[in-house]
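Secondary and tertiary structure notes
Single-letter residue listing:
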Amino acid sequence: MARKYFGTDGVRGKVGEAPITPDFVMRLGYAAGVTLVSREKLPAGEHPAVLIGKDTRISGYMLEAALEAGFAAAGVDVMLAGPIPTPAVAYLTRALRLQAGVVISASHNPFYDNGIKFFSADGSKLPDAVEVEIESHLDEPMDCVDSARLGRARRIDDAAGRYIEFCKSTFPNELDLRGMRVAVDCAHGAAYQIAPKVFHELGAEVLPVGVEPNGLNINDGVGATRPENLRQAVLKHGADLGIALDGDADRLMMVDHRGEIYDGDKLLYVVACARHAEGRLDGVVGTLMSNLGFEHAIQRLGAPFARAKVGDRYVLELLQERGWKLGGENSGHIICLDRHTTGDGIVSALQVLASLRQRGISLAEACADLVFYPQRLINVRVPSGFDWRADAGISDAQARAEQSLGDSGRVLLRPSGTEPLLRVMVEGRDSALVERLAREIASVVEEAVG
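The sections below set out a description of the structure shown in this document. What you see as residue numbers is a count from 1 along each chain, following the sequence as written. Residues qualify for local features only when their pLDDT is at least 70, as the model is predicted, and side-chain atom pairs are given and counted only at 80 or more; totals for whole chains, interfaces and linings, by contrast, use all residues. Based on all heavy atoms of the structure, the side-chain values leave hydrogens and waters out of the count.

Here we look at the overall build of the protein chain
In terms of helices and strands, the protein chain carries 14 helices and 18 strands. Relative to the compact-globule value of 22 Å for 450 residues, the protein chain shows a C-alpha radius of gyration of 22 Å, a close match. Once the C-alpha set of the protein chain is aligned to its principal axes, its extents read approximately 70 × 60 × 40 Å. Burial classes: relative accessible area under 20% of the type maximum marks a residue as buried, over 50% as exposed, and values in between as partly exposed (1.4 Å probe, protein chains only). Residues classed as buried in the protein chain amount to 58% of the 450 residues present. In short, Shrake-Rupley with a 1.4 Å probe defines the accessible areas, and a residue's cover is counted only from the protein chains shown. Accessible area for the protein chain stands at about 18,300 Å²; split by element, carbon and sulfur atoms hold 48% of it. Charge counting follows a simple rule: Lys and Arg are positive, Asp and Glu are negative, and His as well as the terminal groups are ignored. The atom standing in for a charge is NZ when the residue is Lys, CZ when it is Arg, CG when it is Asp and CD when it is Glu. The average position of the 49 basic charges and that of the 61 acidic charges among the side chains of the protein chain differ by 2 Å. A helix here means a DSSP run of H or I that spans at least four residues, while a strand means a run of E at least two residues long, and both kinds are numbered starting from the N terminus. Values of the radius of gyration come from C-alpha atoms, whereas the globule rule sets the reference at 2.2 Å times the count of residues to the power 0.38.

So this is what it looks like as structure tokens:
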């Protein structure tokens, strides 16, 4: 059954427009609560309980209140964590033995967008079947349990501290970060009070960046989607490394002391090399966007490589299907299932730093034998529901590009799962050819949408 509201990463959209409106979000909380009550077999008189966390968008206050009301009406207790990273909600849901976790965030999107995503009791993204069940209740009238069975709400005062200790526990006990100057860009987002403390408490001198949220500046020229800001901070302050997170802190980009930017593929390779040296690399999952050079480098380590659809949930599903532990996206989602149940920017950064400290090398040295094919990605804004596959002009442009590349490259067109965009990606050995072909296809798409 197709999902009507849930996309690849929960329900997301522009605040004030369907479905991100107070009334819909209240009904979503109620529908999710009804689903939990029907699925959970708890002792008599005990309510299911959920954790709600959010990033720093101004709309988070409104949506948090709406969700809380919906859950309470369904007889579900709510624990409010306030601004906290998405992976922190996944961890705390599992650690506190709750029935679900909810995140109010639109991740890397601008402040005027927001979204709702759910985690199951084990800290994983909700299966498609559960999302479908929640959607089925959305089509029913909203009701309310008897007053005696209404859910209660309370705030968790130590949520950030618990998560900080968890993050530090993923870093080897015998190592520390003493002597390192690290710039940490929190994108004015959910990790602004957390990430600097994690790296400081492990011994690093921390230069905090993007830690002054005002409700409107999340991801605005900062964070993992705008690593140039971190690059400038690293060069200005002479930092050894820079760490950039996105608004909900599940993505990671890094910058070395020379100002070179390292994306998810490169950072995943550093972690893979460390796992390989320890004899713990069973396989690596990338996505359709992963660079061919990255795939070849993993294969040189003697490990199998598999591509999932774009989206961290699909990386996770393929990891679970193969029984592997390591995967990620070049956008910066890195999943280390031997450390966490979901992608975590802070935990991933600690895995990279642990590899560098254990080997006594720099990021540049760790990636010295990683040769990437030139890759060009162009985002073209398209109308909602635009069927690019049915357009003969776009199909012809793609076919011509593939013929020009032959066996030395590839072309990928795919719609964004979170924004009204068609992503045009071309990859090959010849950078000039790659650039030309990507622009030609993008131009045809632009003409097709008028």
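Focus on helix α5 (residues 159-169)
Burial in α5 covers these residues: Ala159, Tyr163, Ile164, Phe166, Cys167 and Lys168. Any two residues whose heavy atoms approach within 4.5 Å are treated as being in contact. Residues of α5 that are buried make contact with β3 (77-83), α3 (86-95), α6 (195-201) and α11 (345-359).

Comments concerning the sheet that holds strand β5 (residues 113-120)
The sheet built from six strands is open, its strands ordered β1-β5-β4-β2-β3-β6 with mixed pairing. In the strand order of this sheet, the two ends are held by β1 (11-14) and β6 (153-155), each with one partner. On average, adjacent strands in this sheet sit at an angle of 20° to one another, irrespective of strand direction. By definition, two strands form a pair when at least two bridges between them are found by DSSP. Two elements, β1 and β5, share four bridges in a ladder whose sense is antiparallel. Bridging across to β5, Gly13 finds its partner in Asn114. Note on geometry: axes are lines fitted to C-alpha atoms, helical ones only across the stretch in contact, with angles between N-to-C directions running from 0 to 180 degrees. Across the face of the sheet, helix α2 (residues 59-73) comes into contact with β2 (49-54), β3, β4 (100-104), β5 and β6 while running at roughly 170° to β2. Docked against the sheet, α3 engages β2, β4 and β5, running at close to 165° with respect to β4.

Here's the deal with a nonpolar patch on the surface
Residues Ile58, Tyr61 and Leu216 make up a contiguous nonpolar surface patch of roughly 340 Å² in combined accessible area. Within the secondary structure, Tyr61 sits in helix α2. Put simply, a patch holds well-exposed residues, over 30% relative accessible area, that have no salt bridge, with like charges counted together within 9 Å and Val, Leu, Ile, Met, Phe, Trp or Tyr side chains within 5 Å. Between Lys or Arg on one side and Asp or Glu on the other, a salt bridge is scored when a side-chain nitrogen of the former is within 4 Å of a carboxyl oxygen of the latter.

Describing the environment of Asp113
Examined against the element boundaries, Asp113 turns out to sit in strand β5. With 323 residues separating them in the primary sequence, Asp113 and Arg436 have C-alpha atoms 33 Å apart. What Asp113 contacts, discounting residues up to four positions off in sequence, is Gly13, Lys14, Val15, Arg57 and Ala106. Looking at Asp113, its side chain comes within polar contact range of the side chain of Asn109, at 3.2 Å. Any pair of nitrogen or oxygen atoms within 3.5 Å is treated as a polar contact; in protein, a donor-acceptor pairing is required on top of that, and neighbouring residues in sequence qualify only through side-chain atoms on both sides.

Topic: helix α7 (residues 227-237)
Within α7, burial applies to Pro227, Leu230, Ala233 and Val234. All buried residues of α7 project into a common sector of 115° when viewed along the axis, lining one side. Each element contacted by the buried residues of α7 is listed here: β7 (181-185), β8 (205-209), β9 (241-245), β10 (252-256) and β11 (261-262). Phi turns positive one or two residues past the end of α7, at Gly238, with a value near 65°. What the arc measures is the spread of directions leading from the helix axis to the C-beta atoms.

Details of the nonpolar core
Within soluble globular proteins, side chains that are nonpolar generally end up buried alongside one another. Nonpolar cores are built from buried Ala, Val, Leu, Ile, Met, Phe, Trp, Tyr and Cys residues. Side-chain atoms within 4.5 Å join them into one set. Judged by nonpolar contacts, the single largest core of 71 residues is most densely connected at Phe199 and Ile346. Sorting elements by how many residues they give to this core places α11 first, with eight residues. Leaving out residues up to four positions away in the same chain, Ile346 has contacts with Tyr163, Cys167, Ala191, Ile194, Ala195, Val198, Phe199, Leu245 and Ala249.

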